[in-house]
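Examination of the molecular architecture
Chain residues, written in single-letter form:
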Amino acid sequence: MQTHSEANTLCTPLHRRQSSRFLVENTSDLCLTPYCIKAANYLIESIDETIDPCENFYEFACGKYIKNAIISSESSEQSPTTQIAKNLGHTFADLLSSSPSNRTKKSKAITNARRLYSSCIDEDTIETEDVDVIMSMINKELGGWPVLQGSAWNESTFDFDRLMLKLSQYNNYIFYTVNTGVDETNSSIRSIHIRPSKLILDILNHYSKGIEAYQYFFKNFTLALTDDSSTIDDDLIALIGFEMDLVKYIVSLDKLDLHETVHTTVGNLSNTISFDSSNYIRRLYLFANVSVIDADIVIVDAPKFLHGISSIIDRKSPRTMQNYMIWRFMMNRAWYMPKRFRNILKQFQDVVYGTSTAESRTITCANYVNTMMSLTVSKLYIDEHFHKDARKETTKMINNIRKIFITMVNQSTWMDSTSKIIAIKKAQAITAKLGYPDYLEGDDMTKLDKIYAEYNFNLSYMPNVLSAIQLHTKANLQMLRYPIDSKEWTGILPTNVNAMHRLLANEILFPAAILQTPLFDKDAPKYLNYGGIGFFMGHEIAHGFGDEGKQYDLNGNKVLWWSKATDNAFDTRKKCFIEQYNNYNLTQVNRQVDGEQTLDENIADDAALRQAFFAYQQWAKTHKNVDKKLPGLTKYSIEQMFFMNFGHTWCTKMTNEAAHLYMDRDVHSPEQFSSSDHFPH
């Protein structure tokens, strides 16, 4: 749905629109607050006024930004959102290294977060302790690493089931993942989820720049751990052969096999997956002191794929499997090891991602603590850097955008009346979670300390790392016996620069970390906020009604609630999206966009821009002359400024290596198509 007035607004050449009613005659028509001056500067430094926005809006909105953007040597891309993330890393480091402020009450969780950070930045101790802790753990708990022991390794000690269980306890799910989730058919209860891991994507990623870099990585890493190199070459050949067999198998599968989902129970699991999965599940959950019963629900994704992987594993030698599984574990631990191992990993990643240097140790450690103890870091961040009024303002925005979405549903010509009524009820029922969980506000640390009660760190980094991993694993497994709490934050945390729609809860979440310039500021003119975070709000709302969202009702249960006629009409229209995006080419690497892979995001983007723009127009009708223009940009209308900020949020420059990986793996279209495809040409 695109109105005539909208098209006129978008297609009037922005750089020529200077009619007298838009000229500023005095400073009373200008916003001269510190924030407005800041916003004017970043937009002026972003736009390229030599480009006609009606011909290429992305080049107009981002031309100067992309030309002047410098991708730092430790990064693979530069954009406004990646800059937010970088700035947050510095903020987290400051919060974790400084003494508690008067605003933050004493907390055991915060004490342990700072202790974990201190052990991470203490590189002298890390070098002194060397690899003793992790190698002892590999030899005593995991059965050793054959490639380091040469011909001395005894394959009769190999126990695949035991090794899988042990690695799973360290959250190292190599071939498939096991986690506690929500039952898709009844979102009020918990279930066990078994899914293929991202192993195949990782393998393709590792080989993306040729097999030589990967071979070099393995050899250098193992040589740094042993003086016996007698079997390294043969072990490497066997390892790569196993990976190639996995890739060949998945390529041979039908896409329908990868999208198949089976809903079963622990007692019947052996009928779905051929290996002894039921016993494995029981033993894994016992690690977290949870007794699994036959009636516990299990949801298995791509069971045929899991069966095929199991068959390939059975054909490989014990030595190959032991080598491979320990190698995957060590790849994930390399960042926590002494510097010589981090350098070996970094050399490999530089080839894959096009980077050249590592980020500072303080930022690496701050981000690591944020990953492992995010709610603790969130508490520190919220107390010091988040203005509580932002929640009130964004709540109003979401409600306004939701109203527009409901209007769009009512005006749609392809939905029948029955489907419209249900869609509107679902939209009205969407819960919006903004900023952070309520319990992080205020001085009461009881719940925070309870969540991290078992986190007890010392000044030795590797033991801390291994302990934290196991605690994370236990926390997820223990969720199986916890009741569903509608107030909990799941899938995203307050310190994530992202947003999401949880279909299983019919809720949208916008963390505190994303509510920053240029997406949002409490002091910004509303046209900037609606063009920034407003688009993201519309995008997340729309996800509840796209190709995936149509499968979940207002309670989060997996039920197809559209009528057959509406479903058919949607399928007809989505073909247009697929064909349209299939015609786009990312010229930087000469790669065609996959319209099917990016379909759901493209549909959400299309609805999002209209929601945000119309919601701003409605707000402006009742708040006449409230929003003022920015200095240096007075020739542009208020509505044009909405689109300029929208465009700026998508400005992205990335390395060729990162661009290839993006096209291979990301479900979003490249930014230039996300930002400009919704404009009439």
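Residues numbered from 1 in each chain as written. Predicted model: local features only at pLDDT ≥ 70, side-chain atom pairs only at ≥ 80, totals over all residues. Heavy atoms only, no water.

A word on the overall build of the protein. Broken down by element type, the protein carries 30 helices and 11 strands. The globule rule puts the C-alpha radius of gyration for 681 residues at 26 Å, and the 27 Å found for the protein is close to it. Burial statistics for the protein: of 681 residues in total, 54% are counted as buried. Across the protein, every contact between residues at least 6 apart in sequence was considered, and the portion connecting residues at least 24 apart equals 77%. Of the roughly 29300 Å² that the protein leaves accessible, carbon and sulfur atoms contribute 50%. If you average the places of the 70 positive and of the 80 negative side-chain charges in the protein, the two averages end up 5 Å apart. (Helix = DSSP H or I, 4+ residues; strand = E, 2+ residues; numbered from the N terminus. Rg over C-alpha atoms; globule rule 2.2 N^0.38 Å. Buried < 20%, exposed > 50% of the residue type's maximum accessible area, 1.4 Å probe, protein only. Contact = heavy atoms within 4.5 Å. Areas by Shrake-Rupley, 256 points an atom, 1.4 Å probe, with all protein chains shown as cover. Lys, Arg positive; Asp, Glu negative; His and termini not counted. Charge placed at Lys NZ, Arg CZ, Asp CG, Glu CD.)

Attention now goes to the UniProt feature "domain: Peptidase M13 C-terminal" (unreviewed entry) in the protein. When the UniProt feature table is mapped to this numbering, "domain: Peptidase M13 C-terminal" (unreviewed entry) covers residues 498–673. Across residues 498–673 one finds 48% helix and 8% strand; the C-alpha atoms that close the span lie 19 Å apart. (UniProt positions renumbered as here; feature names shortened; annotations may be inferred.)

On to helix 21 (residues 417–429), then. Its 13 residues give helix 21 an end-to-end C-alpha distance of 18 Å, which sits within 8% of 18 Å, the value for a rise of 1.5 Å per residue. Listed as buried for helix 21 are Ser419, Lys420, Ala423, Ile424, Lys426 and Ala427. Mapping the buried residues of helix 21 onto a view down its axis gives an arc of 160 degrees, with all of them on the same face. Those residues of helix 21 that are exposed and aimed more than 90 degrees away from the buried face are Ser417 and Gln428. Buried residues along helix 21 sit against helix 20 (389–411) and helix 26 (564–582). (Expected span 1.5 Å × (residues − 1). Arc of directions from axis to C-beta.)

On to the nonpolar core, then. Generally speaking, a soluble globular protein has its nonpolar side chains buried in company with each other. Ranked by size, the top nonpolar core spans 208 residues in total, and within it Trp145, Phe175, Phe221 and Met330 carry the most contacts. Examining the composition of this core, we find that 12 residues originate from one element, helix 27 (residues 599–622), more than from any other. Both domain 1 (29–90 + 365–385 + 393–437 + 489–677) and domain 2 (108–358) contribute no fewer than three residues apiece to this core. Ignoring any residue separated from it by four or fewer positions in sequence, one finds Phe221 in contact with Trp145, Trp327, Met330, Ala334, Met337, Phe341 and Ile344. (Core = buried A, V, L, I, M, F, W, Y, C linked by side-chain atoms within 4.5 Å. Domains from an automatic or database assignment.)

Another point: the domain arrangement of the protein. Per the domain assignment, the segments of the protein are domain 1 (29–90 + 365–385 + 393–437 + 489–677) and domain 2 (108–358). In this structure, domain 1 and domain 2 have C-alpha centres spaced 34 Å apart. Residue-level contacts link 25 residues of domain 1 with 30 residues of domain 2. Summed over both sides, the interface between domain 1 and domain 2 buries roughly 2200 Å², with carbon and sulfur atoms accounting for 65% of that surface. Joining domain 1 to domain 2, the criterion identifies two salt bridges. (Buried area = accessible area lost by both parts, 1.4 Å probe. Salt bridge = Lys/Arg side-chain N within 4 Å of Asp/Glu carboxyl O.)

Per the stated rule, a full pass over the model turns up 44 aromatic pairs. For the pair Phe175 and Phe242, a centre-to-centre distance of 6.1 Å together with 85 degrees between the ring planes defines the contact as edge-to-face. Here Phe242 lies in helix 12 (residues 232–252) and Phe175 lies in the loop between helix 9 (160–169) and strand 2 (176–182), a separation of 67 residues in the sequence. Here Phe175 matches Phe242 in class, with each residue buried. For the ring pair Phe535 and Phe646, a centre distance of 5.0 Å and an interplane angle of 55 degrees mean the geometry is tilted. One end of the pair, Phe535, is in helix 25 (residues 533–543); the other, Phe646, is in helix 28 (residues 638–648), with 111 residues separating them in the sequence. For Phe535, a relative accessible area of 2% gives the class buried. Residue class for Phe646 comes out buried when judged on its relative accessible area of 0%. Over the aromatic face of Phe329 sits the side chain of Arg333, whose NZ or CZ is 4.9 Å from the ring centroid. Here the guanidinium or amino end of Lys426 rests over the ring plane of Phe545, the centre of that ring lying 5.3 Å away. (Phe/Tyr/Trp six-rings, centres within 6.5 Å; stacked < 30°, edge-to-face > 60°. Lys NZ or Arg CZ within 6 Å of the ring centre and 35° of its normal.)

Turning our attention to the side chain of Lys346. Counting through the fold element by element, Lys346 comes out in helix 17 (residues 339–353). In contact with Lys346, not counting residues within four places along its chain, are Trp335, Thr355, Ser356, Thr357 and Ala358.

This structure, assessed with the given rule, holds 31 salt bridges. Between Glu507 and Lys433 there is a salt bridge, and its shortest N-O distance comes to 2.9 Å. With Glu507 in strand 8 (residues 507–511) and Lys433 in strand 6 (residues 431–435), the pair connects residues that are 74 residues apart, well separated along the chain. There is no split in this pair, since Glu507 and Lys433 are both buried. One network of salt bridges, in which partners are shared, links Asp547, Lys550, Asp567, Asp571 and Lys574.

Spatially, 6-8-7 is the arrangement adopted by the three strands of the open sheet, whose pairing is mixed. Edge positions in the sheet fall to strand 6 and strand 7 (500–502), since each of these pairs with one other strand and no more. Across this sheet, the average inter-strand angle for adjacent strands is 20 degrees, counted without regard to direction. Pairing between strand 6 and strand 8: five bridges, direction parallel. Within strand 8, the position partnered with Thr431 by the bridge is Glu507. (Pairing = 2+ DSSP bridges. Axes fitted to C-alpha atoms, helices over the stretch in contact; angles between N-to-C directions.)

Right, let's get into unusual backbone geometry. Negative phi is the rule for most residues except glycine; trans is the rule for most peptide bonds. In the segment running from Thr517 into Pro518, the intervening peptide bond is cis, with an omega of 5 degrees. The phi dihedral of Asn171 falls on the positive side, at around 55 degrees, and the residue is not glycine. Topologically, Asn171 is positioned in the loop between helix 9 and strand 2. Here the phi dihedral of Asn625 falls at roughly 65 degrees; this positive angle occurs in a residue that is not glycine. Tracing the sequence through the fold places Asn625 in the loop between helix 27 and helix 28. We classify Asn625 as exposed; its relative accessible area is 71%.

With that out of the way, let us pick up the state of the cysteines. Scanning the model with the defined rule gives three disulfides in all. Residue pairing for Cys62: its cysteine sulfur links by disulfide to Cys651, the two sulfurs lying 2.0 Å apart. Its S-S torsion of approximately -85 degrees makes the covalent link between Cys62 and Cys651 left-handed. Of this pair, Cys62 sits in helix 3 (residues 57–68) while Cys651 is found in the loop between helix 28 and strand 11 (653–654), placing the two residues 589 residues apart along the sequence. We note that Cys62, like Cys651, is buried. A sulfur-sulfur distance of 2.0 Å marks the disulfide that ties Cys120 to Cys365. (Disulfide = S-S within 2.5 Å.)

Turning our eyes to something else, we now look at the confidence of the model for the protein. In low-pLDDT segments, the atomic positions of the prediction should not be examined closely. Within the protein, residue pLDDT values average 91, and 94% of them lie at 70 or more. This model gives residues 1–8 a pLDDT under 50, and the stretch forms 13 contacts once residues within four places in sequence are excluded. Between residues 13–25, whose pLDDT stays under 50, and residues either more than four places distant or in other chains, the model counts 31 contacts. (pLDDT = per-residue confidence, 0-100.)

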